Amino acid sequence: MGNFCSISISCDKLLSGCLDFAFRKAVYISKLKENIDGLKIAVEELTDLRNDVTRRVKVDEEQQLKRLDQVQRWILRAEAAIDKANELLREGSQEIERLCLRGYCSKNYKSSYRFAKEVDKRLRDVADLKANGDFEVVAERVPAASGVPRPSEPTVGLESTFNQVWTFLREEKQVGIVGLYGMGGVGKTTLLTQINNESLKTLDYFDIVIWVVVSKDLKLNTIQESIGRKIGCSDDLWKNKSLDEKSVDIFTALRHKRFVMLLDDIWERVDLKKLGVPLPDMKNGSKVVFTTRSEEICGLMDADKTVRVNCLEGDHAWDLFRKKVGDQTLGGHPDIPELARDVASECGGLPLALITIGRAMACKKTPQEWRHAIQVLRKSASKFSGMGDEVFPLLKFSYDNLSKQKIRNCFLYCSLFPEDFLINKNDLIDYWIGEGILDGSDGREVVENWGYHFIGCLLHACLLEDKDDCVRMHDVIRDMALWIASDIERDQQNFFVQTGAQSSKAPEVGKWEGGRKVSFMANHIEHLSETPNCSNLQTLFLGSIHLKKISRGFFQFMPKLTVLDLSNNNSLLGLPRDVWKLVSLQYLNLSRTGIKELPTELNELVKLRYLNLEYTHSLYLLPHGVISGFPMMHVLRMFRCGSSEQAAEDCILSRDESLVEELQCLEKLNMLTVTIRSAAALERLSSFQGMQSSTRVLYLELFHDSKLVNFSSLANMKNLDALHICHCGSLEELQIDWEGELQKMQAINNLAQVATTERPFRSLSSVYVENCLKLSNLTWLILAQNLTFLRISNCPKLVELASVEKLPEVPELVENLNPFAKLKAVELLSLPNLKSFFWNALPLPSVKDVRVVDCPFLDKRPLDTSRASQ
């Protein structure tokens with residue numbers, strides 16, 4: 001038999017359960033209208049409470065307090081509950097219309113029950129939120145972090161610079177803003193990191209240390225958010241505030257704090273006021289330190305102190321490089337340490353290059369690998385590991401940030417010169433005139449101002465280094481410039497540069513005949529024998545290559561050549577006759593060559609704007625009509641050009657008057673340096689108005705049979721900068737119309753609106769007097785109020801440099817002259833009878849360098865004997 005299971009359910013219990021369930025549903029439905037009315041009132045009350053809490057939060061946040069997390073959660077829950085309740089209330093009238101039997105039943109019982117149950121639930125949720133929304137405190141002050149230490153490596157060679165900046169921060173209260181500038185990769189960020197970390201160690205001085213990376217794409221909002229994270233304002237609500245609102249918050253948070261703000265990598269002015277950063281002053285004791293690649297930015301940022309971060313010097317550079325290479329590699333072979341120093345020297349002390357190249361060489365264990373590295377770095381540094389893809393792109397930001405393409409072209413132009421070459425600033429401007437980068441027709445003063453402006457832009461951007469009258473390009477910066485001009489911008493620039501390699505012959509024509517700018521400077525190329533087809537060549541630098549001969553045909557296919565530099569080739573005796581085919585030539589430099597004659601065909605170069613014949617001592621044939629045949633000539637340099645002793649009869653150098661006649665034909669000439677050998681030629685030159693404004697340097701020599709020379713006309717040469725008087729064996733006196741010049745100066749002094757530009761010898765800064773055996777005094781020098789350098793040698797008859805007896809009876813004017821006030825350097829050599837410098841024995845105020853040799857009777861008191869060397 002099977003087993004049976006039986007279930008017995010009481011009918012009474014089943015009926016009771018069904019009735020109870022139905023009753024509960026009926027209760028929900030019967031209270032629906034009442035609950036909807038109650039929910040409406042409760043939602044209004046919750047909305048008011050939510051608004052009150054939110055208002056209190058905003059007020060506290062304006063005081064830089066941070067809302068409590070529980071308050072934020074309550075507000076979010078309240079807003080969600082209010083939204084859902086309002087949605088039910090919008091449907092309530094429709095559900096009430098479905099009710100019947102006095103509200104105890106519904107036409108759609110199931111739907112009404114569900115809706116009534118949801119209303120009841122929302123009513124209880126709202127009531128619960130109301131009960132929990134009574135907050136005593138809605139926000140509190142969260143202490144901001146004092147700062148964040150940044151990862152760093154031990155610094156090398158930055159100690160003195162760090163100590164200097166640290167002194168500004170801790171000891172010099174008047175210094176509020178400090179600018180650190182220098183070329184890319186020099187260690188500015190490393191230095192700023194050290195300042196950040198050291199400041200955190202001394203929080204007894206600064207309340208808060210704020211680090212902000214600015215970088216090239218300046219956005220004030222981004223900077224404000226970086227600051228906000230340091231002062232406890234970083235939530236979404238604060239980020240959505242306007243620039244001005246954030247500015248107020250930042251100012252409120254920082255105005256009572258002593259902070260140090262570190263702004264890294266600035267490329268343009270950052271307005272601290274717009275950010276809301278209180279300006280540092282002696283009262284608040286706060287500091288701002290920033291880094292930039294541009295010295296100009298330091299001025300725009302109102303820096304109280306600027307500090308240039310320089311490349312590392314020898315031992316420090318070697319220490320950094322050695323650490324990156326590692327002692328194991330350096331000790332792997334006895335030849336490697338010396339080779340490693342050669343590699344390190346190619347970095348020019350730039351830390352970024354030292355680190356990059358040092359790491360790349362850490363695995364090189366053989367001398368051959370090191371020698372190969374030296375060859376690559378010297379020939380094409382961009383091909384070395386890490387240079388073309390890490391170092392140069394970083395440095396190129398400075399190039400890209402230059403404001404004009406002209407300035408970028410000027411920068412790239414400097415890479416045509418050899419490594420470590422000192423480029424004279426005025427020579428560089430002349431090159432740019434020849435290239436057409438600068439318009440020489442604007443007048444020399446205007447074009448020089450533009451040239452110095454461009455040079456200044458490159459100096460301020462730390463792309464060039466200032467060396468008095470010269471500039472120099474750092475080795476790595478030069479490599480970067482060649483990388484741009486030969487690779488990155490090859491289509492626009494296309495440079496071919498092979499300088500300083502001491503090559504004995506020119507590179508294969510096929511390698512360079514397609515280039516636009518080519519430089520072979522500082523090689524050993526004696527003969528240029530090929531006939532290159534250079535249809536695009538614009539610039540050709542052949543200076544200092546020991547050149548002896550240029551074969552006929554070399555210049556035949558260079559129709560666009562604009563600049564040709566053949567300077568400093570003493571063995572170059574002549575030019576090929578086909579030089580006339582350089583129909584586009586505007587710049588020709590033959591200075592310091594052994595050239596003996598200029599071909600008549602040269603005057604076919606009608607576009608020539610610049611011609612340099614300085615120090616061409618062997619030049620004896622300069623035919624008539626050549627100089628005057630250059631209608632576009634702006635700059636003509638003939639200082640110590642040729643020798644009258646060997647000049648041919650049909651050469652204008654044999655008769656200075658002929659030279660002056662041809663010079664007068666150059667209507668656009670605005671820059672002249674010239675050698676004059678007769679008093680008649682000097683008088684004619686100085687009387688011509690065009691020569692008075694264009695003459696910059698005069699070399700006066702010989703003056704046979706001239707005992708007296710009238711110097712009054714020279715006083716009107718308003719741009720004469722340097723004067724040389726040499727080997728004038730008959731010359732006894734240089735005459736001046738003293739009464740006329742002094743009366744002119746008195747008239748100027750009485751007219752305040754008349755500038756010093758009308759003074760005699762207004763621009764004369766350097767005077768050289770040598771081997772004038774009968775010259776007895778140089779009293780006229782007291783009129784040269786801007787004289788800074790004076791050299792006098794081998795003038796045995798000279799007794800007084802400036803004699804009061806030679807002056808007219810106008811003592812009050814003489815007293816107002818204040819002679820030699822700007823004189824900085826004096827050289828007096830082999831003057832056996834010289835007794836006095838000038839009648840006033842008081843020390844000269846500006847003199848710094850004095851050299852006195854073989855002047856036994858000289859009273860040195862005006863020269864200050866503590867600086868004189870005997």
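About the cut-offs
For every chain, the first residue of the written sequence is number 1, and numbering continues from 1 along that sequence. For this predicted model, a pLDDT threshold of at least 70 governs which residues receive local features, and a threshold of 80 or more governs which side-chain atom pairs are given and counted, while totals over whole chains, interfaces and linings are taken from all residues. Water and hydrogen atoms were dropped before computing side-chain values, which therefore reflect all heavy atoms in the structure. Each helix is a run of DSSP H or I of at least 4 residues and each strand a run of E of at least 2, with the numbering of both proceeding from the N terminus. Burial status follows relative accessibility: with a 1.4 Å probe on protein chains alone, a residue under 20% of its type maximum counts as buried, one over 50% as exposed, and anything between as partly exposed. All accessibility values rest on the Shrake-Rupley procedure with a 1.4 Å probe; residue burial counts only the protein chains present in the view. By definition, residues are in contact when any of their heavy atoms lie within 4.5 Å. We define a nonpolar core as any set of buried Ala, Val, Leu, Ile, Met, Phe, Trp, Tyr and Cys residues linked to one another through side-chain atoms lying within 4.5 Å. Expected span, for any helix, means 1.5 Å times one less than how many residues it has. By this definition, two strands are paired if DSSP reports at least two bridges between them. A fitted line through C-alpha atoms serves as each axis, taken over the contacting stretch for helices, and the angle formed by two N-to-C directions is quoted from 0 to 180°. Each angle gets one of four labels, with under 35 degrees taken as roughly parallel, over 145 as roughly antiparallel, 65 to 115 as roughly perpendicular, and the rest as oblique. Each residue gets one of three labels, nonpolar for Ala, Val, Leu, Ile, Met, Phe, Trp, Tyr, Cys and Pro, charged for Asp, Glu, Lys and Arg, and polar for the others, Gly among them. Between rings of Phe, Tyr and Trp, where Trp is taken as its six-membered ring, a pair exists when centres lie within 6.5 Å; planes separated by under 30 degrees are stacked, by over 60 edge-to-face, and by other angles tilted. You can read pLDDT as the predictor saying how much it trusts each residue, on a scale of 0 to 100. The definition used for a disulfide is geometric: two cysteine sulfur atoms within 2.5 Å.

## Re the overall build of the protein
At step 1: Counting its secondary structure elements, the protein contains 27 helices and 30 strands.
At step 2: Burial analysis of the protein (870 residues in total) assigns 50% to the buried set.
At step 3: With the model as given, the accessible surface of the protein reaches about 41,400 Å², and the carbon-plus-sulfur share is 47%.

## Things to note about the side chain of Ser766
At step 1: As for its position among the elements, Ser766 is in strand E27 (residues 766-770).
At step 2: Contacts of Ser766, omitting those with residues within four sequence positions, involve Asp721, Ala722, Leu723, Leu787 and Phe789.

## Brief notes about the environment of Val674
At step 1: Turning to its location among the elements, Val674 is positioned in strand E22 (residues 671-676).
At step 2: Residue classification places Val674 among the buried residues on the basis of a relative accessible area of 1%.
At step 3: The spacing of Val674 and Glu614 is 60 residues in sequence and 8.4 Å in space, taken between C-alpha atoms.

## Focus on the nonpolar core
At step 1: Core analysis: the biggest nonpolar cluster contains 129 residues, and Leu180, Ile195, Phe321 and Phe411 have the highest contact counts within it.
At step 2: Here the element with the most residues in this core is helix H21 (residues 475-488); it accounts for 8 residues.
At step 3: Residue contacts for Leu180: discarding those within four places in its chain leaves Val165, Lys188, Leu191, Leu192, Ile195, Val289, Phe290, Thr291, Thr292, Val307 and Val309.
At step 4: In this structure, Met633, Met638, Leu714 and Val850 belong to the second largest nonpolar core, which totals 106 residues.

## A short note on helix H6 (residues 188-200)
At step 1: Taking 1.5 Å per residue as the helical rise, H6 with its 13 residues ought to reach 18 Å, and the 19 Å between its terminal C-alpha atoms agrees with that figure.
At step 2: Along H6, the positions that sit buried rather than exposed are Lys188, Leu191, Leu192, Thr193, Ile195, Asn196, Asn197, Ser199 and Leu200.

## Some details on the sheet that holds strand E9 (residues 305-308)
At step 1: Across the sheet, 5 strands lie side by side as E6-E7-E8-E5-E9; this open sheet has parallel pairing. This sheet does not close on itself; its edge strands, each paired only once, are strand E6 (208-213) and E9. For this sheet the average axis-to-axis angle between neighbouring strands, irrespective of direction, equals 15°.
At step 2: Strand direction decides the pairing type here: strand E5 (residues 177-181) and strand E8 (residues 287-292), joined by 5 bridges, are parallel. Bridge pairing links Gly179 to Phe290 in E8.

## Regarding the packing of helix H18 (residues 405-413) against helix H20 (residues 444-460)
At step 1: At a minimum axis distance of 10 Å, the contact between H18 and H20 shows a crossing angle of 75°. What the angle tells us is that H18 and H20 run roughly perpendicular. For the pair H18 and H20, contact is made by Lys406, Ile407, Cys410 and Phe411 and by Phe454, Cys457 and Leu458, respectively.
At step 2: A class-by-class count of the residues in the contact of H18 with H20 yields 6 nonpolar, no polar and 1 charged.

## Some words on the environment of Ile525
At step 1: Summarising the element assignment, Ile525 is placed in the loop between strand E14 (517-519) and strand E15 (527-528).
At step 2: You can call Ile525 buried: its relative accessible area is 1%.
At step 3: A sequence separation of 20 residues divides Ile525 from Lys505, and the C-alpha atoms of the two residues are 4.7 Å apart.
At step 4: Ile525 has contacts with Ser503, Ser504, Lys505, Ala506, Phe520, Ile545, His546 and Leu547, leaving out every residue within four places of it along the chain.

## Topic: the packing of helix H17 (residues 387-400) against H21
At step 1: Here H17 crosses H21 at 95°, and the two axes come no closer than 10 Å. With respect to each other, H17 and H21 are oriented roughly perpendicular. Contact residues: Met387, Gly388, Val391, Phe392, Pro393, Leu395, Lys396 and Tyr399 in H17; Val476, Ile477, Asp479, Met480, Trp483, Ile484 and Ile488 in H21.
At step 2: Grouping the amino acids of the contact of H17 with H21 by side-chain chemistry returns 12 nonpolar, 1 polar and 2 charged.

## Considerations on the pairing of strand E25 (residues 722-726)
At step 1: When you tally the buried positions in E25, you get 5 out of 5 residues, the bulk of the element.
At step 2: The side-chain alternation of E25 yields two buried faces, one formed by Ala722, His724 and Cys726 and the other by Leu723 and Ile725.
At step 3: Pairing of strand E23 (residues 695-701) with E25 involves 5 bridges; the strand directions are parallel. By the bridge assignment for E25, Leu698 is matched with Leu723.
At step 4: Pairing of E25 with E27, which is carried by 5 bridges, proceeds in the parallel orientation. Bridge pairing in E27 links Cys726 to Glu770.

## Overview of the sheet that holds strand E10 (residues 423-424)
At step 1: Strand order in the open sheet made by the 3 strands is E10-E12-E11, with antiparallel pairing throughout. In the strand order of this sheet, the two ends are held by E10 and strand E11 (465-467), each with one partner.
At step 2: Taken together, the 3 bridges between E11 and strand E12 (residues 470-472) define a ladder with antiparallel strand orientation. Bridging across to E12, Asp466 finds its partner in Val471.

## Examining the pairing of strand E29 (residues 825-829)
At step 1: Taken across its 5 residues, E29 has 5 buried, putting it largely inside the fold.
At step 2: On E29, burial covers both faces: Ala825, Glu827 and Leu829 on one face and Val826 and Leu828 on the other are all buried.
At step 3: As defined by bridge partners, strand E28 (residues 789-793) adjoins E29 across 5 bridges and the pair is classed as parallel. When the bridges of E29 are listed, Ser793 appears paired with Leu829.
At step 4: Two elements, E29 and strand E30 (residues 849-853), share 5 bridges in a ladder whose sense is parallel. Bridging across to E30, Val826 finds its partner in Val850.

## Side note on the packing of aromatic side chains
At step 1: Summed over the entire model, instances satisfying the criterion amount to 26 aromatic pairs.
At step 2: Ring plane angle 20° and centroid distance 5.4 Å describe the contact between Phe417 and Phe421, whose orientation is recorded as stacked.
At step 3: In this structure Phe417 comes out as buried when scored by relative accessible area, which is 2%.
At step 4: Considering the side-chain rings of Tyr431 and Phe541, the 5.0 Å spacing of their centres and the 35° angle between planes classify their relative orientation as tilted.

## Details of the confidence of the model for the protein
At step 1: Mean pLDDT over the protein: 86, with 87% of residues reaching 70 or higher.
At step 2: Note that pLDDT drops below 50 for residues 11-23; the model gives that stretch 1 contact with residues more than four away or on any other chain.
At step 3: Per-residue pLDDT stays below 50 along residues 751-757; that stretch engages in 4 contacts with residues further than four places along the chain or on separate chains.

## Comments concerning unusual backbone geometry
At step 1: Here the phi dihedral of Cys462 falls at roughly 60°; this positive angle occurs in a residue that is not glycine.
At step 2: Looking at the secondary structure, you find Cys462 in the loop between H20 and E11.
At step 3: Judged by its relative accessible area of 3%, Cys462 is buried.
At step 4: Unlike most non-glycine residues, Ala522 shows phi in positive territory, near 60°.
At step 5: Following the sequence through the fold, Ala522 ends up in the loop between E14 and E15.
At step 6: Among the residues examined, Ala522 registers a relative accessible area of 22% and is labelled partly exposed.

## Side note on the state of the cysteines
At step 1: Counted by the stated rule, this structure contains 0 disulfides.
At step 2: Left unpaired, Cys311 is separated from the closest cysteine sulfur, that of Cys462, by 9.5 Å.
At step 3: On the basis of relative accessibility, which here comes to 17%, the residue Cys311 falls in the buried class.

## Quick word on H20
At step 1: Helix length check: H20 (17 residues) gives 24 Å between terminal C-alpha atoms against 24 Å at 1.5 Å per residue, within 8%.
At step 2: Along H20, the positions that sit buried rather than exposed are Arg444, Val447, Glu448, Gly451, Phe454, Ile455, Gly456, Cys457, Leu458 and Leu459.
At step 3: Once H20 finishes, Cys462 follows within two positions and takes phi at roughly 60°, a positive value.

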